[in-house]
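Breakdown of the fold
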Amino acid sequence: MSDAESSRELGVGIVGLGFMGQTHLGAYQRAAEAGFGNKLVAVCDADPERRAGKAAAAGNFDTDAAEDLFDPAEVKGYEDPAELFADSAVDVVSICTPTDSHVDLAIAALKAGKHVLVEKPVAVSADEVRRLAAVDAETDTLCMPAMCMRFWPAWAWLCERVREGTYGAVRSAAFQRLGTRPGWGGGFYEDDSRTGGALVDLHIHDADFVRWVFGAPDELRSTGTTAHLTTLYRYLDGPAHVVAEGGWDHTPGSPFKMRYVVIFDEATADFDLGREDQLMLAKDGEFEAVSVDEINGYDGEVRHLLGAIANGTSLEATVEQAAGLAEMLEQEREALGAT
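Here the structure is a predicted model, which is why all the values come from computation and not from measurement.

This brings us to the sheet that holds strand 3 (residues 76–78). On the basis of which strands lie adjacent, the open sheet formed by six strands has the order 3-2-1-4-5-6 and parallel pairing. Unpaired on one side and paired on the other, strand 3 and strand 6 (143–145) mark the two borders of the sheet. The mean inter-strand angle of the sheet, taken between neighbouring strand axes irrespective of direction, is 20 degrees. In terms of strand pairing, strand 2 (residues 38–44) meets strand 3 through three bridges, oriented parallel. Each residue of the ladder has a partner; that of Cys 44, found in strand 3, is Tyr 78. The sheet strands contacting helix 2 (residues 19–33) are strand 1 (10–15), strand 2, strand 4 (92–95) and strand 5 (115–118), and the helix crosses strand 1 at an angle near 165 degrees. Here helix 11 (residues 297–311) sits on the sheet in contact with strand 1, strand 2, strand 4, strand 5 and strand 6, set at roughly 165 degrees to strand 5.

Here it is as structure tokens:
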């Protein structure tokens, strides 16, 4: 992004200042430091302490959140999202509220003329995602689902290697995402009817990455429960073995695990979040670390959206794609025999 392209500061508003809202806030701040012109101008949350900039959240990743998130003298605090959407200083809005509020809030923001970054899952049902997609198609602003794994450097690296055929064809791709049910969210994650369970809230990351890199599968088979499942994706013209396991039923205290092993004709890529050298490559008899950018996927998605707004370019992640993903997850739910 050139200086001319990043010279205009976009006003940012964040709706929901729990763990994900604070994660987005930090990503916008780091993006500004990296030259992506933006400034937090407004927040919305029911908690007055959060509206005053006090942090109180925890999650799977260290997001470097400061105790004081922002100076409340410089950032407007709203209790009603409609008031934030009506604020002319706000150009782009992050929707970081419980899943079942995403679609209505995103639609309201779009109709108010704002660009939108809406947290995943966009909704539990494909019909709800389609409702947002219909409004998105009628507006001139951008609406992007926050599919952060597409922008996680080691995963973006993998996507490039697959698409470019750097190491030949993919023989096998296995993804794993395991942990405990989130303890934040004020009891929200205890209600599977609102979250969709680990199937929709956690496994969605790997399901989206599989679909993004290899396309929609010709067939899928799932086993387990919505709290812990494994899905095998079958391609008539593609890798012979693509599988993703996701679950949040581990005993409290268990570390979060995020891994992949992808076997190409000429190399094997091995990623493990819990390892010092997270991304390793086996090739020509050697197993060596691969250097990638040190930012995380939240940084990447925010910078991608800001860049697309500034440059008038298209998005790597769209609501239409999120609708297709939601339909695939519904197929997985049906394969599990879940209601």
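If you look at the biggest cluster of nonpolar residues, it comprises 81 residues, and the most contacted ones within it are Trp 155, Leu 158, Phe 175, Phe 214, Tyr 233 and Tyr 260. Considering every element that reaches this core, the biggest residue donor is helix 10 (residues 204–214), with seven residues. Ignoring any residue separated from it by four or fewer positions in sequence, one finds Leu 158 in contact with Phe 175, Phe 209, Tyr 260, Val 262, Phe 264 and Ala 269.

This next bit is on the state of the cysteines. Following the criterion strictly, the structure yields zero disulfides and no others. The cysteine Cys 44 is free of any disulfide, with Cys 96 supplying the nearest cysteine sulfur at 11 Å. With no disulfide of its own, Cys 143 lies closest to Cys 96 among cysteine sulfurs, the gap being 12 Å. For Cys 143, a relative accessible area of 2% gives the class buried.

About the cut-offs
Residues numbered from 1 in each chain as written. Predicted model: local features only at pLDDT ≥ 70, side-chain atom pairs only at ≥ 80, totals over all residues. Heavy atoms only, no water. Pairing = 2+ DSSP bridges. Helix = DSSP H or I, 4+ residues; strand = E, 2+ residues; numbered from the N terminus. Axes fitted to C-alpha atoms, helices over the stretch in contact; angles between N-to-C directions. Contact = heavy atoms within 4.5 Å. Core = buried A, V, L, I, M, F, W, Y, C linked by side-chain atoms within 4.5 Å. Buried < 20%, exposed > 50% of the residue type's maximum accessible area, 1.4 Å probe, protein only. Disulfide = S-S within 2.5 Å.

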